[in-house]
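These are the residues of each chain, in order.
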Amino acid sequence: MQVAPDIKEEEIKLALHEAYGVRVKTLEFLVLGADLNTAVFRMVSDDLNLFFLKLRKNDFRPESVEIPALLRKRGMKQVIPVISNRAGKLWAELSPYVMILHPFIEGKNGFETNMTEKQWVEFGSVLKRFHCSKFPEGKTKNIQQEEYTPRWRDSVLSFLNRFSDETFHDPISNETSEFLKNKCSEIEELVSNTEIYAQKLIKHQPEKILCHGDIHGWNLLIPNESSLYIVDWDTLVFAPKERDLMFIGCGLGGKSFSPILEEVFFYDGYGQTLIDPVAMAYYRYERVIEDFAVCCEHIFSTQNDDEDRQQSMRIIKSYFLPNSPLDYAHQYVTKLLN
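In this text, all values refer to a predicted model and were calculated from it rather than measured experimentally. (Residues numbered from 1 in each chain as written. Predicted model: local features only at pLDDT ≥ 70, side-chain atom pairs only at ≥ 80, totals over all residues. Heavy atoms only, no water.)

Enquirer: Go over the sheet that holds strand 4 (residues 92-94) with me, naming the residues and quoting the values.
Expert: Sheets are built from strands paired through backbone hydrogen bonds, the pairs being either parallel or antiparallel. Taken together, five strands build an open sheet; the order of strands is 1-2-3-5-4 and the sheet is antiparallel. The open sheet has two edge strands, strand 1 (24-30) and strand 4, and neither has a second partner. Each strand axis lies, on average, 30° off the axis of its neighbour in the sheet, ignoring direction. With six bridges connecting them, strand 1 and strand 2 (residues 38-45) associate as antiparallel partners. Note on strand 2: the bridge partner recorded for Val24 is Ser45. The sheet strands contacting helix 1 (residues 9-20) are strand 1, strand 2, strand 3 (50-57), strand 4 and strand 5 (97-103), and the helix crosses strand 5 at an angle near 70°. (Pairing = 2+ DSSP bridges. Helix = DSSP H or I, 4+ residues; strand = E, 2+ residues; numbered from the N terminus. Axes fitted to C-alpha atoms, helices over the stretch in contact; angles between N-to-C directions. Contact = heavy atoms within 4.5 Å.)

Below, the structure is given as structure tokens:
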């Protein structure tokens, strides 16, 4: 979220004191991430302890804090601890939000700083450990199962249809619609090819495991050259392992190494594994389509001239640049077909 949520600071402070017994000295909104349902803060308590506060609304799922808390309990130091409230729960209510509290760890994400070769190897090792972990059924029974639904593909096509018939008067909507109209045939081909891959996966149904679902460079916290953390577990999903592995070497891992070297170092840690090329192609294309759909929904749902909408427009345009995730996806599919 790029703009602070519409909630009074005093309400947050009161709720934190009631739920966690923490008296807040300062509360600083952090401009992090593109998720419009999530706002995060750097918090300093009266006794000068630092906390990371996350406010989540609309689609909070308990497993998004229960699973990482369980991984931490099992000794996975690359997961940041979750702080329990006075009642022993891992979250607290602040309608329409849920509050989640962590110790604050200074660091940068994988795009703001260069990960070392050792960190890429560690990342691979940690993700493999997570992929091989078993969890109590009660913790995972409500986690979404991958069904290869056309939700995002249909949404993108719907927007393309709107652009051919509708005139937009606010600058952000107009600029975005004109840009995407010029890319219409390319996007329609992208959607069509992704649908073909989806149908193939529906037909042969590859094995599903518990995946993070959004394990790109922005969700890696790098405090220094010798440590890293995996953050933001809101997108847990049972899916083929390629749901997570698609992020390695696709332009979303960070800027430290070329995509080829990313893969080399990562798989040194993850280990040799058989990749389903159809699943990999599907997820790399589907990720781009999802981002198009989410950004368009945000841009065209309001006419406010705010930074969140500007950010959504920039994301859409960035995908058509060289060495973008879409460019790398095309390269992968070209290699796959040859």
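On we go.
Enquirer: Can you tell me about the packing of aromatic side chains, naming the residues and giving the values?
Expert: Enumeration over the complete set of coordinates arrives at 23 aromatic pairs. Plain terms: the ring middles of Phe130 and Trp233 are 5.2 Å apart, the flat faces sit at 85° to each other, and that makes the pair edge-to-face. Pair noted here: Phe130 is in helix 3 (residues 117-132) and Trp233 is in the loop between strand 9 (227-230) and strand 10 (237-239), with a separation of 103 residues, a long-range link. Residue classification places Trp233 among the buried residues on the basis of a relative accessible area of 6%. The rings of Trp120, Phe123, Phe266, Tyr267 and Tyr270 are connected pair by pair, giving a single aromatic cluster. Across the ring face of Phe104, the terminal group of Arg42 is positioned such that the distance to the ring centre comes to 5.3 Å. Just above the ring of Tyr270 sits the side chain of Lys128; from NZ or CZ to the centre is 4.8 Å. (Phe/Tyr/Trp six-rings, centres within 6.5 Å; stacked < 30°, edge-to-face > 60°. Buried < 20%, exposed > 50% of the residue type's maximum accessible area, 1.4 Å probe, protein only. Lys NZ or Arg CZ within 6 Å of the ring centre and 35° of its normal.)

Enquirer: Give a detailed account of the packing of helix 5 (residues 151-165) against helix 7 (residues 184-204), specifying residues and quantitative values.
Expert: It is the contact of helix 5 with helix 7, at a shortest axis distance of 10 Å, that shows an interaxial angle of 160°. Taken together, the axis directions place helix 5 and helix 7 in an arrangement best described as roughly antiparallel. Crossing hand, helix 5 versus helix 7: left-handed. Residue-level inspection shows Arg153, Val156, Leu157 and Leu160 of helix 5 in contact with helix 7, the latter providing Cys184, Ile187, Glu188, Val191, Thr194, Glu195 and Ala198. (Parallel < 35°, antiparallel > 145°, perpendicular 65-115°, else oblique. Left-handed = near helix turned anticlockwise from the far one by under 90°.)

These figures capture arrangement, not role.
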